[in-house]
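# Residue-level structural notes
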Amino acid sequence: MARILTGIQSSGVPHLGNLLGAIVPAIELSKDANNESLFFIADMHSLTTIRDANLLKENTFATAAAWLAFGFNTNDNLFYRQSDIPEVSELMWYLNCVTPYPMLANAHSFKDKSSKLHHVNAGLFTYPVLMAADILLYDAEIVPVGKDQKQHLEMTRDMAKAFNHTYGETLIEPESRIDERVMIIPGTDGQKMSKSYDNFINIFLPDKKLRKQIMGIQTDSTPMEDPKEPSTCNVFKIYKLLATDKQISEMEVNYKSGNYGYGHAKQALYEVIIDKYEQERARFNKFMGNTELIEIELQKGAKKARLIAQNVLSRVRTKIGY
Ligand code: ADP
Ligand code: TRP
């Protein structure tokens, strides 16, 4: 049985890019009976940038609601909130004390983030140590992450090595699993869908607002009557990711034969989303309408996670000499 662990930064309601690029594939991976998945919401990492208590809370709920709405099985796996596990801060301190300062000072992501900010807090600097503690605290073996997190994983392995070198074999060196063939979901303007470009589709919006977002997808000015090229159209690119093969070939024929406007295509995309995600949207609303239900799930996960964490931490404390 392999223990898979990954952290999810909570930056609001997950968009279609987050869902298809990260959430759905992770849930698929967790269905393999040979794996045990630990997925957590990295709300302590969020504190390096978010200063609003309500926003921090809301972001956690919206992120958790999306994972639950898409059917993450919290009975066979663990789903929890980082800040519910105080053990992580303790392990972080021990790791801080075996981590060379230059390793952190030279990290790409620190250099990149700190060069763009007026006020650089120490949390941003020690971000990779908290991330290493997140992983090492659970004896995680496999950590699926995007390419941007690769260096953080290497640093985690280095910290585990440094600790083991000083105190003897204690921590498991995790393997990263970088998904090189990540599917990039295009946004409403054709660039990568991202919160930072404001080009996202939020499938959890109420019908009218969702339709408005879809009607806002950028298209060219080919007149209604003229034939159109599906492969370069932003509407078709998104439709292709969601519709059935039959629906896709029908739309292709419509594009090529003319007398089919982008408005028609957008309406078809809207209908596919409503239809395909009917259950997920209903479940998301149920959770967001009663965040107590989310809280129950997260507390259940925290209870199981703390058992593992306390075990590993006691091994560490003994080695250190406490
Ligand atoms: P954003 O760019 O909206 O801020 P994040 O960087 O927080 O999104 O990404 C969270 C997760 O969703 C990551 O695993 C990332 O790889 C995935 N993801 C984000 N946008 C896309 C996209 N357009 N296509 C595929 N995956 C995406
Ligand atoms: N830093 C990761 C990101 O921005 C989130 C994260 C926090 C994480 N702790 C982790 C990912 C532990 C994997 C393992 O995406």
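Residues numbered from 1 in each chain as written. Chains lettered and ligands numbered in written order. Predicted model: local features only at pLDDT ≥ 70, side-chain atom pairs only at ≥ 80, totals over all residues. Heavy atoms only, no water.

### Thoughts on the environment of A162
- The topology assignment puts A162 in helix α8 (residues 150-167).
- Remark: the alpha-carbon pair of A162 and P100, spanning 62 residues in sequence, is separated by 9.5 Å. (Helix = DSSP H or I, 4+ residues; strand = E, 2+ residues; numbered from the N terminus.)

### Regarding the domain arrangement of the protein chain
- For the protein chain, the assigned domains read domain 1 (2-184 + 291-320) and domain 2 (204-276).
- Computed over C-alpha atoms, the centres of domain 1 and domain 2 are 37 Å apart.
- Facing the eight residues of domain 1 at the interface are four residues of domain 2.
- Taken together, the two surfaces of domain 1 and domain 2 that pack against each other cover about 420 Å², and 96% of this comes from carbon and sulfur. (Domains from an automatic or database assignment. Contact = heavy atoms within 4.5 Å. Buried area = accessible area lost by both parts, 1.4 Å probe.)

### Description of the packing of aromatic side chains
- Evaluated as defined, the whole model comprises 17 aromatic pairs.
- Seen in terms of ring centroids, Y255 and Y262 are 6.2 Å apart; in terms of plane orientation they differ by 65°. Their pairing is edge-to-face. Judged on exposure class, the residue Y255 and its partner Y262 are both buried.
- In this structure, K113 packs its charged tip against the face of Y127, placed 4.0 Å from the ring centre.
- In this structure, K286 is placed above the aromatic ring of F287, and the distance from its NZ or CZ to the ring centre is 4.8 Å. (Phe/Tyr/Trp six-rings, centres within 6.5 Å; stacked < 30°, edge-to-face > 60°. Buried < 20%, exposed > 50% of the residue type's maximum accessible area, 1.4 Å probe, protein only. Lys NZ or Arg CZ within 6 Å of the ring centre and 35° of its normal.)

### Overview of the site of ligand 2
- Taken together, 14 residues lie around ligand 2, and G7, H45, Y127, D134 and Q149 are the ones closest in.
- One of the side-chain nitrogen or oxygen atoms of Y127 is found 2.8 Å away from a nitrogen atom of ligand 2.
- Contact between ligand 2 and D134: a nitrogen atom at 2.7 Å from a side-chain N or O atom of the residue.
- Within the complex, the protein chains bury 89% of what would otherwise be the 360 Å² of accessible surface of ligand 2. (Near = heavy atom within 4 Å. Polar contact = N/O pair within 3.5 Å; in protein donor to acceptor, adjacent residues only side chain to side chain. Areas by Shrake-Rupley, 256 points an atom, 1.4 Å probe, with all protein chains shown as cover.)

### Observations concerning the packing of helix α7 (residues 127-136) against α8
- At a minimum axis separation of 9 Å, α7 and α8 run at an interaxial angle of 70°. Taken together, the axes of α7 and α8 are roughly perpendicular relative to one another. In terms of crossing hand, the pair formed by α7 and α8 is right-handed. Where α7 approaches α8, its residues Y127, P128, V129, M131, A132, I135 and L136 are matched on the opposing element by H152, L153, M155, T156, M159 and A160.
- In terms of residue class, the contact of α7 with α8 is made up of eleven nonpolar, two polar and no charged. (Axes fitted to C-alpha atoms, helices over the stretch in contact; angles between N-to-C directions. Parallel < 35°, antiparallel > 145°, perpendicular 65-115°, else oblique. Left-handed = near helix turned anticlockwise from the far one by under 90°. Nonpolar A, V, L, I, M, F, W, Y, C, P; charged D, E, K, R; others polar.)

### A few points about the site of ligand 1
- Neighbouring ligand 1 are the residues H15, G17, N18, G21, A22, M183, I184, I185, K192, M193, S194 and K195.
- Within the side chain of H15, one N or O atom sits 2.7 Å away from an oxygen atom of ligand 1.
- Starting from 540 Å² of accessible surface for ligand 1 in isolation, the protein chains cover 69%.
- Split by residue class, the shell around ligand 1 holds five nonpolar, five polar and two charged.

### Observations concerning helix α2 (residues 53-69)
- Over its 17 residues, α2 extends 24 Å from the first C-alpha to the last, a length consistent with the 24 Å expected when each residue adds 1.5 Å.
- Taking burial as the measure, the 17 residues of α2 include twelve buried ones, the bulk of the element.
- Burial in α2 covers these residues: L56, N59, T60, F61, A62, T63, A64, A65, A66, W67, L68 and A69.
- Each element contacted by the buried residues of α2 is listed here: β1 (2-8), α1 (16-30), β2 (35-41), β3 (78-81), α13 (278-289) and α14 (291-320).
- Between the side-chain oxygen at the start of α2 and the backbone nitrogen of N54 there is a gap of 2.9 Å, and the oxygen is on D52.
- Of the residues flanking the end of α2, it is G71, one or two places downstream, whose phi is positive at about 90°. (Expected span 1.5 Å × (residues − 1).)

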